[in-house]
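# Understanding the architecture of this molecule
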Amino acid sequence: MNATDRLIDALEQAGLAVGDGEPRNKDGPLTGRYVVVRPRQVMRGEGSIGDPNADRTPELQITSVGPSRRAADQVAEIADRAALGPMPAPDGYEWQQAAVYVTGTATTTEPTTDPTAPEATTWFRVDVYRYYLTPA
């Protein structure tokens, strides 16, 4: 498994509904409280002089979604504990460090239905985590 798959597994074990790059999972579209995990583009060449491409520093974005600002923040707090907590290393690598790279602020979308309906607005928060990996 790679770093993205390990993170998705950790988030699911924390009890969150997780989308892999989109707001849906094996059960269909996600609604209510959930997260979406997306890998981000990163620079390579963080290894030693002898093998500059050996180490990896994947960055993974977690978008936490909820029906209110409070709900989105609560989902993000659960996701944060899972993203920074212990999890198996990706195949062929060892974890060296997990770090919060960007902490977002809960924000909202524009209402798309009756603005008085509770589901009219979706709140989301985007956080980015950087993982430092070395060959096993």
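Definitions and cut-offs
Residue numbers restart at each chain and count upward from 1, following the sequence in its written direction. Only residues with pLDDT of at least 70 are given local features in this predicted model, and only at 80 or more are side-chain atom pairs given and counted; all residues enter the totals for whole chains, interfaces and linings. Excluded from the side-chain calculation are hydrogens and water; included are all heavy atoms of the structure. Strands here mean DSSP runs of E at least two residues long; helices mean DSSP runs of H or I at least four residues long; both are numbered from the N terminus. Working definition: with a 1.4 Å probe on protein chains only, accessible area under 20% of the residue-type maximum means buried, over 50% means exposed, and in between means partly exposed. Between two residues, a contact is recorded if the distance between any of their heavy atoms is within 4.5 Å. Residue-level accessible areas treat just the shown protein chains as cover; the underlying method is Shrake-Rupley with a 1.4 Å probe. Geometry of aromatic contacts follows a simple scheme: Phe, Tyr and Trp rings, the Trp one being its six-membered ring, pair when their centres are within 6.5 Å, and the pair is stacked under 30 degrees between planes, edge-to-face over 60, tilted otherwise. Counted as over-ring charges are cases with an Arg CZ or a Lys NZ within 6 Å of the ring centre that also lie within 35 degrees of the ring normal. As used in this structure description, the phrase polar contact means that two N or O atoms lie within 3.5 Å; if the pair is within protein, one of them must be able to donate a hydrogen and the other to accept it, and residues adjacent in sequence are counted only when both atoms belong to side chains.

Moving on to the overall build of the protein chain. Helices and strands together make up the secondary structure of the protein chain, namely two helices and eight strands. Order of helices (α) and strands (β) in the protein chain, N terminus to C terminus: α-β-β-β-β-β-α-β-β-β. Of all 136 residues assigned to the protein chain, the portion counted as buried reaches 35%. Long-range contacts, defined as pairs at least 24 residues apart, comprise 62% of the intrachain contacts of the protein chain with a sequence gap of at least 6. Of the accessible surface of the protein chain, which amounts to about 7900 Å², a share of 49% is contributed by carbon and sulfur atoms.

One pass over the full model with this rule turns up one aromatic pair. Ring geometry for W95 versus Y131: centroids 5.1 Å apart, planes at 55°, classification tilted. Linking W95 in strand β6 (residues 93-102) with Y131 in strand β8 (residues 123-135), this pair joins segments that are 36 residues apart in sequence. Residue W95 is classed as partly exposed on the basis of its relative accessible area of 23%. Among the residues examined, Y131 registers a relative accessible area of 1% and is labelled buried. Looking at R130, its charged tip hangs above the ring of Y101, at a distance of 4.0 Å from the centre.

Further remarks concern helix α1 (residues 3-13). Within the sequence span of α1, burial applies to A3, T4, R6, L7, I8, A10 and L11. Where α1 begins, the capping side chain belongs to N2, and its oxygen is found 3.1 Å from the backbone nitrogen of T4. G15 sits one or two positions beyond α1 and adopts a positive phi of about 95°.

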